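# Commentary on secondary and tertiary structure
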Amino acid sequence: MSKLYYRTHPEAHRTEHIGWLRAAVLGANDGIISTASLIAGVTAASASHASIITTAIAALVAGAMSMAAGEFVSVYSQADTEKADLSRESEELLNNPEAEHKELTAIYIQRGLDQQLADQVATQLMAHDALGAHARDELGISETLNARPVQAALASAASFAAGAAMPLVVVLLAPQSSLLYWIVATAIIFLAMLGAAAAAVGNTPVLKSAIRVSFWGTLAMAVTTGVGAMFSTSV
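Each residue is numbered by its place in its chain's sequence as written, counting from 1. The predicted nature of this model means local features are confined to residues of pLDDT at least 70 and side-chain atom pairs, given and counted, to a pLDDT of 80 or more, with totals for whole chains, interfaces and linings taken over all residues. The side-chain values count all of the structure's non-hydrogen atoms but skip hydrogen atoms and water molecules.

### Observations regarding the environment of Tyr108
Take Tyr108: it is sitting in helix 4 (residues 97-110). Taking C-alpha positions, Tyr108 is 8.1 Å from Val121, a pair spaced 13 residues apart along the chain. If near-sequence neighbours (up to four positions away) are discounted, Tyr108 is found in contact with Leu113, Ala118, Val121, Ala122, Leu125 and Asp137. Counting from the N terminus, the helices are the DSSP runs of H or I reaching at least four residues and the strands are the DSSP runs of E reaching at least two. In what follows, residue pairs with any heavy atoms lying within 4.5 Å of each other are defined as contacts.

### Things to note about the packing of helix 3 (residues 49-95) against helix 6 (residues 149-173)
For the pair helix 3 and helix 6, interaxial distance at closest approach is 8 Å and the crossing angle is 165°. In terms of axis orientation, helix 3 runs roughly antiparallel to helix 6. Seen along the crossing, helix 3 lies across helix 6 with a hand that is right-handed. Lys, Arg, Asp and Glu make up the charged group, whereas Ala, Val, Leu, Ile, Met, Phe, Trp, Tyr, Cys and Pro make up the nonpolar group; the residues left over, Gly among them, are polar. Among the residues forming the contact of helix 3 with helix 6, the class breakdown is 25 nonpolar, three polar and one charged. Every axis in this analysis is a line fitted to C-alpha atoms, fitted for helices over the stretch in contact. Angles between the N-to-C directions lie between 0 and 180 degrees. An angle below 35 degrees is read as roughly parallel, one above 145 as roughly antiparallel, one from 65 to 115 as roughly perpendicular, and any other as oblique. Two helices crossing with the near one rotated counterclockwise from the far one by less than a right angle form a left-handed crossing, whereas a clockwise rotation gives a right-handed crossing.

### Re the packing of aromatic side chains
Centres within 6.5 Å are what make two rings of Phe, Tyr or Trp a pair, Trp counting through its six-membered ring; a difference in plane orientation under 30 degrees is then read as stacked, over 60 as edge-to-face, and the rest as tilted. Throughout the structure, instances matching the rule amount to two aromatic pairs. With 5.3 Å between their ring centres and 40° between their planes, Phe72 and Tyr76 make a pair best called tilted. Note that Phe72 and Tyr76 are positioned in helix 3 at a spacing of four residues, about one turn of the helix. We classify Phe72 as partly exposed; its relative accessible area is 33%. When the ring of Phe215 is compared with that of Trp216, the centres are 5.0 Å apart and the planes differ by 80°; the resulting orientation is edge-to-face. The class of Phe215 is partly exposed, set by a relative accessible area of 47%. Note on exposure labels: buried denotes an accessible area under 20% of the residue type's maximum, exposed denotes more than 50%, and partly exposed covers the range between, all computed with a 1.4 Å probe on protein chains only. The exposure class assigned to Trp216 is exposed, which follows from its relative accessible area of 52%.

### Details of the side chain of Thr35
You can see Thr35 is positioned in helix 2 (residues 18-44). Polar side-chain contacts of Thr35 include one of 2.8 Å to the backbone oxygen of Gly31. Not counting the four nearest positions on each side in its chain, Thr35 is found in contact with Asp30, Ala56, Ala59, Ala164 and Pro167. Counted as a polar contact is a pair of N or O atoms within 3.5 Å, where, for protein atoms, one must be capable of donating a hydrogen and the other of accepting one, and residues adjacent in sequence contribute only when both atoms are in side chains.

### Considering unusual backbone geometry
A negative phi angle characterises most non-glycine residues, just as the trans form characterises most peptide bonds. For Ser46, which is not glycine, the phi dihedral falls at a positive 65°. Looking at the secondary structure, you find Ser46 in the loop between helix 2 and helix 3.

### Section: the confidence of the model for the chain
Looking at any residue, its pLDDT shows the predictor's confidence there, from 0 to 100. For the chain, the mean per-residue pLDDT works out to 80, and 84% of the residues sit at or above 70. Per-element confidence in the chain ranges from a low mean pLDDT of 45 for helix 1 (residues 2-8) to a high of 89 for helix 6. In this model, residues 1-9 is a region of pLDDT below 50 whose contacts with residues beyond four sequence positions or in other chains number one contact.

### So, helix 8 (residues 206-230)
When the terminal C-alpha atoms of helix 8 are compared, their 36 Å separation across 25 residues agrees well with the 36 Å that a helix rising 1.5 Å per residue should span. Buried residues of helix 8: Ser209, Ala210, Val213, Ser214, Gly217, Met221, Thr225 and Gly228, and no others. Expected helix span is taken as 1.5 Å per residue step, with the number of steps being one fewer than the number of residues.

Spelled out as structure tokens, the structure:
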């Protein structure tokens, strides 16, 4: 009956996208904001067009590599922690299974099951996959949400490069006399589009996400532009 139900009533949940979506949105957001902010800053400082292009390219390459390295190290640390916790849990299951059974039963009681049913659930789940049950219900580690360092690093680098490429294209196409206005305006549009796309994938309010991402990106560009204008020089 249950197998038939799942075949005829499939459910698409968004949590399976959390790992790569977080890294991708963070990377693209940083790519747009940091590159557009740098361009706005050096433009406000009266830099030459060649210097602005060089700045944009350097920001793209350095930022993508930095995002990949940082994401890999941080997520790998999470993966190491998960691995250590699973190893410790495996030893506890081997050395003291009764205590682990009581621990799992207590978790199910806290979630609303009565003593007898919680005991039965814990017994059946541990008979099927004891470590998996404790990983999921005690440690909060699941196949959907576990750490994937390489995937996160690649997603961050690729999304940062894609985000940074947008203001770079604007630098190449827009007239230098009005470049600052073009950069700011298009960056806000890019950020709003990114926020809306992320909201669509995550099934969250689109307008709210677009406004939030655009606001903080605009604030970052405003601060950087102000600093650049303070140190304005002819290059």
